[in-house]
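Report on the structure
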Amino acid sequence: MTNRVSRRRFMTGTGAAVGGLVIAPGILAACGGSDSSSGGSSAADVYFDNWTLYIDKPGDKLYGKGGTLDEFQKSSGKKIKYVEGYNDNNEYFAKVQPLLSAGKPIAPNLIAPTFWMAGRYITLGWAEKLPLSKVPNAKNLLTTLQKPPSDPTGEYTLPWQSGMAGIAYNQKVTGRPITKVDDLWDPAFKGKIGMLTEMRDTIGLIAMAQGIDLDKPTYDKFVPAFDKLQEEVDKGQIRAFTGNDYVEGLEQGNFAACIGWSGDVVQLSKSNPDIKFVIPESGGTLWFDTMLVPKGAQNTDSVAEWMNYVYDPVNAARITATVQYISPVQGVQDELKKMGGEAAALADSQLLFPDATTLANLQSWGNLDEAEEQKFDERFAEISGA
Amino acid sequence: MTTVRVEKIRKTYGDFVALEGLTLDMAEGEFVSFLGPSGCGKTTALRIVAGFEFADSGSVLIDGDEIGPVPPNRRNMGMVFQNYSLFPNMTAADNVAFGLRVRKQPAEKVRRRATEMLELVGLSGKEGNFPHQMSGGQQQRVALARALVNMPKALLLDEPLGALDLKLRQVMQLELKRIQREVGITFIFVTHDQEEALTMSDRIAVMTQGRTDQIGTPTEIYHRPATAFVAGFIGTANLLPVTVRGQEGDQVTVDGPGGRYFARAEGRTYQVGSSVTLMVRPERLVPSGAPLHGAAGGSIEATVTSLVFQGPVVRCQVQTAAGVDLVAHLGPEDDPSSLSVGSPVRMTWSIDGAYLVPEALDSGLAGVTQMEDDETGA
Amino acid sequence: MAADDDTKGLRKGRFAPYGLLSPGVIWLLLFFLVPVAILFKASLSTKPSRFATPTFDWAWGNYSSAFSQYGSVFVRSFVYAGTATVLAILIGYPLAYWIATRGGRWKNLLIGLVVVPFFTSYLIRTIAWSSILADENPLVTTLQQVFGSDFRILATPWAVIGGLTYNFMSFMILPIYVSLEKIDFRLTEAAADLGSTTWGAFRKVVLPLSLPGVFAGSLLVFIPAAGDYLNARYLGSPKTSMIGTVVQNKFLVQFDYPQAAALSIVLMVIITAMVLVYSKFLGTEGLAV
């Protein structure tokens, strides 16, 4: 289990590798081309472009041969094409932008942007409304994830999986428990603190420590958070901005503490009990990846059927047992208990099933409009040296 | 007065003996050739003198001083390499000046001397050319000038003319002799071309399989070869295995495959019954009836197998009853027109036209040596 | 008609040489000149809003901000890339020399070993170095006992420069090896014969003859190193970022194509200028063999 590559870990690697090509001047010309994964969609009723390692695999012991995908095809008679082509929110956006902005459909009829990116698609008018009347199981959606700021009417997206950002630390290096964001600025940890390149998680945690709420973000409101981050970078307190490789940094002692994601750290602490994950006293962020139908997509009824299928707690539980993120579907906890064994153990994890107290301490980002987001990204890039 | 002396040089590569017991004195201004087929050790000998190789035993002496352990850059030998080894990144003038600059000569002197040397080798005006802009002959001259610029104790030439065509080679042979006269230093010249060696050398060391068979002037080597190999390698020779029957003063009587022959003892004493080799040069072999300068040395029955007109001479090949091939070069006075292929002929020679090589001949080597082709064709 | 004309032209042979050139010309046009033209146009455009299409309006301001805002990042990139290039020469030349002169029958194997790292992804090699140089790695902990507990290798400029040197080393070794391999080492005998020491022969003959390899290697290392961002990303800190990091972020995160394009053009122009000066300085003309 410890060797499992998590969804986000994989993403950093490939995202960076693909990014490496971007410097070439050819990229602008290449951007004009069509989606590389296009073609063959006519044969499938559902064409889902999702993140890597984000569903049970064929041959998985819980489902047996074929897994969830096979079971869905058998029970519905619909054909699903499932592709793991969604590596990075920005990269994917850059890829589909030319077609969607020209009002042309892209090949997949279901994609998996993270909530804030989903918000961007909705704002730009590049998302189709979901035929929710044909998704009765949508009633199982966790109340905390209903009508999120990124999709205020709840008409465009249904969450796929969810997770938390908090503080991860190596107790062997810190020598003491870490409980709040301010602990990161302890001079004893100079040059040993890590931040995430994921702007919302990094700035979100710092802002919450300063009492700034995330629900209606504006740049002006967040200036103190950025200034604080800038100050710590300038002092040399912060060693690096990383993607998922903060995990290695923690293990190898480069980081005493850093901002991290719940799922990774849970897995890491199994083999290295010194590594801990904590939601800071001032709060952590809650993120989720969505299912979104891009503008102009066909066969939305089939997509609705698929959504209905994965929002059935029985099916959702089986996905959770494999991917081990927070499921957006109510009733999964009970289903896992029914499964027994390893799966039942997951049902007790606070990180998979945060209780009301934990949830109360988590915040989701409100929608950033285009101009505001630009200011956030620019300032963040400037501070992180990008 | 600079003398170069090599003494009992021995060099092996693993089990292979490249050089064995080479001893040779070279006087200042002498042109000495190391001659032999490839693999005979001549280049090894030269590289030992230059200091690129070190002898297993023996010594190299310059003016009586042992220089065996001295590295090449402190020997002051000048070497002209087979492939010239000009520095491709330098002009002709810079190539020539290299040795002077290494010795930190003043710039003015370097320039003057480089120009002088290029003039000596006939390359005035080519100072600024790079090697790749020059012909093989010109590169050769630059290599010569470069090697001579430091007035080396000896100039070592490793098959320097091998890459040139016949015409150019002949021109360069004369050029080399002229330059040697002008600079007056010892030239040690390595070649496999016996004609070249005969043309240019004061003395030749004929080498084979690491041994030195004979050291002598071209005339000595041609007319009085010390071994059957030398006899065969220098020019063309008809060789016959013979047994000594008796010696009376200067005259030796021997028995050969076709009868009894006579030859001069040349100061040597022969044991009766010993096996030696009788050599007759093609120009001394004539049909009976043709003018024979001096007393008869012997004759042999044969059949004409080919007649080839070669301008000044007719090359006449005959086969003896024993199946040995002999070659005669017939001039007009020998009346070659009287011969025809297939007709019997008695070949004869004068006593002074024969020479006894004091070494037994493997009977398989009897007859004409196959150097003829090299001589005319190469 | 047109086909007829073509065959006539070909028969006359007048256009045949140009015809043979055409694949290369088309390639150059399609994959270099056109993209550069597009890039240049983008660099002089403005975006009214983030996701709008840029409009071309001679926005030279993109260039002035490229210098004013990112001047120091450019300088840092060139200093790092330059240092990495020098280090690659210092390490790569002796290695190539040793293989070319002492490799014997192992030459091909040894050169193969130089190339072997290429079989692993560049990214993975870089991440592997971040593990090797990690703070709790025995190597670093040993050095900490000498230089104090604050000593570290990762997240320093030297880690980034070291990563660049390592990652592009083969691009230095291979061309140097090729040019050394072409050299007739009997030339050193000629030099020795003329009184030169081994070092003198190397300096006056072998080194000048191998300079084309050093020149090619320097370009092959310096150019990609100057635009690199992965080494800065995985081995560096926020204070060691290079211009590639900025360009990548501008393109993919901020969607600021005009600024990204302007930065790319500036990078390209500066590198081209440096290459021209460098080739002038090395004087490749006289090196033709």
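None of these values were measured; they are calculated from a predicted model.

**A short note on the interface of chain C and chain B**
How large an interface is tends to be reported as the accessible area lost when its parts come together. At the junction of the two partners, chain C supplies 19 residues and chain B supplies 24 residues. Of the roughly 1,800 Å² buried between chain C and chain B, counting both surfaces, carbon and sulfur atoms make up 61%. Ranking the residues of chain C by area buried against chain B places C:E189, C:D193 and C:L194 at the top, with a combined share of 38%. Taken together, chain C and chain B are joined by one salt bridge. Inspection of the chain C/chain B interface yields six residue pairs in polar contact (both at pLDDT 80 or more).

**Some details on the side chain of B:Q214**
Residue and element names in this part refer to chain B. Along the chain, Q214 turns up in strand β10 (residues 211-216). Judged by its relative accessible area of 10%, Q214 falls in the buried class. Here A226 takes part through its backbone nitrogen, which lies 2.8 Å from a polar atom of the side chain of Q214. What Q214 contacts, discounting residues up to four positions off in sequence, is I204, A205, V206, E220, I221, R224, P225, A226 and V230.

**Structural notes on the pairing of strand β2 (residues 16-26) of chain B**
Residues and elements named next belong to chain B. With seven bridges connecting them, strand β1 (residues 4-13) and β2 associate as antiparallel partners. Bridge assignment links V6 to a residue of β2, and that residue is L24. Hairpin connection of β1 to β2: two residues between the antiparallel strands, including G14 at a positive phi of 65 degrees.

**Looking at the interface of chain A and chain C**
Every contact between the two is made by 49 residues of chain A and, on the other side, 38 residues of chain C. At the junction of chain A with chain C, the criterion picks out six salt bridges. In this structure, A:K192 and C:D135 form a salt bridge, with 2.8 Å as the shortest nitrogen-oxygen distance. Seen at the junction of chain A and chain C, the total is 15 residue pairs in polar contact (both at pLDDT 80 or more). If you list the elements that add at least two residues to the side of chain A that touches chain C, you get α1 (7-19), α2 (26-31), α4 (89-101), α6 (171-174), α8 (219-235), β6 (238-242) and α16 (370-383) of chain A.

**Some words on the side chain of B:R141**
Mapped onto the elements of the fold, B:R141 is located in helix α4 (residues 136-148). When near neighbours in sequence (up to four residues on either side) are disregarded, B:R141 contacts B:V121, B:G122, B:L123, B:V171, B:M172 and B:E175.

**A word on the domain arrangement of chain A**
All names here are of chain A. If you check the domain split of chain A, you get domain 1 (21-156 + 293-311) and domain 2 (163-286 + 361-384). Each side of the interface is counted separately: domain 1 has nine residues, and domain 2 has eight residues. Carbon and sulfur atoms supply 51% of the area that domain 1 and domain 2 bury against each other, a total of about 730 Å² over both sides. The largest share of the area that domain 1 buries against domain 2 comes from F115, W116 and P149, three residues that together contribute 63% of it. Our enumeration of links across domain 1 and domain 2 arrives at one salt bridge. Note that R120 and E373 form a salt bridge whose closest N and O atoms lie 2.9 Å from each other. Here domain 1 and domain 2 share two residue pairs in polar contact (both at pLDDT 80 or more) between them.

**Concerning the sheet that holds strand β9 (residues 203-208) of chain B**
Residues and elements named next belong to chain B. Judged by pairing direction, the sheet is mixed, and its six strands sit side by side in the order β6-β7-β8-β3-β9-β10 without closing on themselves. In this open sheet, the two edge strands, each paired with only one partner strand, are β6 (78-80) and β10. Taken over all neighbouring pairs, the strand axes of this sheet differ in orientation by 15 degrees on average, direction set aside. For strand β3 (residues 31-35) and β9, the ladder comprises four bridges, and the chain directions are parallel. In the strand pairing of β9, S33 is matched with I204. Lying over the sheet, helix α5 (residues 166-183) contacts β3, β7 (154-158) and β8 (186-191), oriented at roughly 155 degrees with respect to β8.

**Topic: helix α5 (residues 115-123) of chain A**
All names here are of chain A. Along α5, eight of the nine residues are buried, which leaves the element largely enclosed by surrounding structure. Inspection of α5 places F115, W116, M117, A118, G119, R120, Y121 and I122 among the buried residues, and these make up the whole buried set. Turning to α5, the residues buried within the fold contact α4, β3 (110-111), β4 (157-170), α7 (199-209), β9 (284-292) and α16. Positive backbone phi, approximately 75 degrees, marks G125, located one or two places after α5.

The rules we used
- Residues numbered from 1 in each chain as written.
- Chains lettered and ligands numbered in written order.
- Predicted model: local features only at pLDDT ≥ 70, side-chain atom pairs only at ≥ 80, totals over all residues.
- Heavy atoms only, no water.
- Contact = heavy atoms within 4.5 Å.
- Buried area = accessible area lost by both parts, 1.4 Å probe.
- Salt bridge = Lys/Arg side-chain N within 4 Å of Asp/Glu carboxyl O.
- Polar contact = N/O pair within 3.5 Å; in protein donor to acceptor, adjacent residues only side chain to side chain.
- Helix = DSSP H or I, 4+ residues; strand = E, 2+ residues; numbered from the N terminus.
- Buried < 20%, exposed > 50% of the residue type's maximum accessible area, 1.4 Å probe, protein only.
- Pairing = 2+ DSSP bridges.
- Domains from an automatic or database assignment.
- Axes fitted to C-alpha atoms, helices over the stretch in contact; angles between N-to-C directions.

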